[in-house]
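# Geometric and topological summary
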Amino acid sequence: MPTNPDEPYYCSQQINIPPSLPDILKQFTKAAIRTQPKDVLAWSAAYFRAMSKGETPPVKERLEMPVATQKTDTGLTPGLLRVLNKQLGPKKMVPLSVVEEKWQDVALPKEQFDEIVRIGSFGGDVEWNKFFTLACSALGENLTDALKLVCEILTADPEGGPARIPFPLFKELYTYLAQIDGDISQGHIDDTISHLKYDVDKQDGYIQPRNFLSPDGPKLSMQTTS
């Protein structure tokens, strides 16, 4: 009984629980466990906001284990980049403000976002693939690591597969990163692409990381001498 006679009295029969609520909460809980968000409240708001709009929520495909060689000071992980690519990749051109919103939804550092924007001179609408590729470069030690991650995330192959992507897409993103690097000549870029095309022509127009990771393959970056 309510202590205050003016307060309404509710019984269990008056509380109407939507039949879909238990499944919604179950899926939310599983998504939170897989994603392990740093800011649970902000991520939860982003999750339900995306669900209410019929958009892709910021959810990792699986629980991500730390990688010993992975840079951890930026907050970026391959899993979070996969989340962002699932949300923004289909749109091709995306307002920078939307990229920043999705970036903040998964609690990635604002300083890292600002640095990527500075390096890429992004503003207004941005080509998502270019922003994404620069973000990949923040996780690797070099351009080769970045492009390996690009292939692994953009591929339609199942996890553990060859991680193939169309060669024109690789060529575009390799050229972009090489030009951003500034120490790789156009001649070296052209020679590398020409060399890789020999394997690509035998692979139905697709490239995979082993084509540029092989010791006998072309080096994506120019060799330096001490």
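Shown above is the structure to which this text applies.
Residues numbered from 1 in each chain as written. Predicted model: local features only at pLDDT ≥ 70, side-chain atom pairs only at ≥ 80, totals over all residues. Heavy atoms only, no water.

### Focus on the overall build of the protein
Test applied: Helix and strand definitions follow DSSP, with helices as H or I runs of at least four residues and strands as E runs of at least two, each counted in order from the N terminus. For every residue, the accessible area obtained with a 1.4 Å probe (protein chains only) is divided by the maximum for its type, and the residue is called buried under 20%, exposed over 50%, and partly exposed between those limits. Using the Shrake-Rupley algorithm and a 1.4 Å probe, accessible areas are obtained, with residue cover drawn only from the displayed protein chains.
A tally of helices and strands in the protein yields 10 helices and four strands. Along the protein, from the amino end to the carboxyl end, the secondary structure elements read α-α-α-β-α-α-β-α-α-β-α-α-β-α. For the protein, buried positions account for 40% of its 226 residues. Carbon together with sulfur atoms contributes 54% to the accessible area of the protein, which is approximately 13,400 Å² in total.

### So, the pattern of salt bridges
What counts here: Think of a salt bridge as a Lys or Arg side-chain nitrogen and an Asp or Glu carboxyl oxygen that are within 4 Å of each other.
Following the criterion strictly, the structure yields 13 salt bridges and no others. Where E64 meets K60, a salt bridge forms, and the shortest distance between an N and an O atom there is 2.7 Å. Among the residues examined, E64 registers a relative accessible area of 23% and is labelled partly exposed. As a salt-bridge pair, K130 and E127 come within 3.4 Å of each other at their nearest N and O atoms. In this structure E127 comes out as partly exposed when scored by relative accessible area, which is 32%.

### Concerning the packing of aromatic side chains
Formally: A pair of aromatic rings is counted whenever rings of Phe, Tyr or Trp (Trp by its six-membered ring) have centres within 6.5 Å, and the orientation is called stacked for planes under 30 degrees apart, edge-to-face for over 60 and tilted otherwise.
Applying the stated rule across the entire model yields 14 aromatic pairs. A ring pair is formed by W43 and Y47, whose centres lie 5.3 Å apart and whose planes are at 35 degrees; its orientation type is tilted. One end of the pair, W43, and the other, Y47, are both in helix α2 (residues 40–52), four residues apart, so they sit about a helical turn from each other. An angle of 25 degrees between the planes, with centres 5.3 Å apart, marks the rings of F170 and F212 as stacked.

### Quick look at the side chain of N85
Inclusion rule: What makes two residues a contact is simply this: any of their non-hydrogen atoms within 4.5 Å.
With respect to the helices and strands, the residue N85 is situated in helix α3 (residues 78–88). By relative accessible area, which is 13% here, N85 ends up buried. With sequence-adjacent residues up to four places away left out, N85 is seen in contact with P90, W128, F132, I153 and L154.

### Some remarks on the environment of E127
In this structure, E127 sits in strand β2 (residues 125–127). For the pair E127 and P95, spaced 32 residues apart in sequence, the C-alpha separation works out to 8.9 Å. In contact with E127, not counting residues within four places along its chain, are K92, M93 and E172.

### Thoughts on the nonpolar core
To be explicit about the condition: As used in this record, nonpolar core signifies buried Ala, Val, Leu, Ile, Met, Phe, Trp, Tyr and Cys residues forming a set joined through side-chain atoms within 4.5 Å.
L81, F122, F131, F170 and Y174 are the most contacted members of the largest nonpolar core, which totals 50 residues. The set of elements that each furnish at least two residues to this core consists of α3, α4 (96–105), α5 (110–120), α6 (128–137), α7 (143–154), α8 (167–181) and α9 (186–200). Sorting elements by how many residues they give to this core places α8 first, with eight residues. The residues touching F131, leaving out its near neighbours within four places in the chain, are L96, V99, W103, F113, I116, V117 and F122.

### Description of the packing of α5 against α6
What counts here: Fitted lines through C-alpha atoms give the axes, limited to the stretch in contact for helices. The angle between two N-to-C directions lies from 0 to 180 degrees. Any angle that falls under 35 degrees is termed roughly parallel, while one over 145 is termed roughly antiparallel, one within 65 to 115 roughly perpendicular, and all others oblique. Should the near helix be turned counterclockwise from the far one by less than a right angle, the crossing is left-handed, whereas a clockwise turn marks it as right-handed. For this classification, the nonpolar set comprises Ala, Val, Leu, Ile, Met, Phe, Trp, Tyr, Cys and Pro, the charged set comprises Asp, Glu, Lys and Arg, and every other residue, Gly included, is treated as polar.
Packing of α5 against α6 brings their axes to within 10 Å, and their N-to-C directions diverge by 120 degrees. Between α5 and α6, the interaxial angle falls into the category oblique. When you trace α5 past α6, the crossing you get is right-handed. Facing α5, whose interface residues are F113, I116, V117, I119 and G120, α6 presents F131, L134 and A135. Taken together, the residues of the contact of α5 with α6 sort by class into seven nonpolar, one polar and no charged.

### A look at the state of the cysteines
How we decide: Two cysteine sulfurs form what is called a disulfide whenever their separation falls within 2.5 Å.
Applying the stated criterion across every chain, the model contains zero disulfides. Here C136 is not cross-linked by a disulfide; its sulfur's nearest cysteine counterpart is in C151, at 9.7 Å. Accessibility expressed as a relative area gives 1% for C136, which makes it buried. Judged by its relative accessible area of 0%, C151 is buried.

### A look at unusual backbone geometry
Unlike most non-glycine residues, K92 shows phi in positive territory, near 65 degrees. Note that K92 resides in the loop between α3 and β1 (93–95). With a phi angle near 50 degrees, S121 is a residue other than glycine that sits in the positive phi range. As for its placement among the helices and strands, S121 is situated in the loop between α5 and β2.

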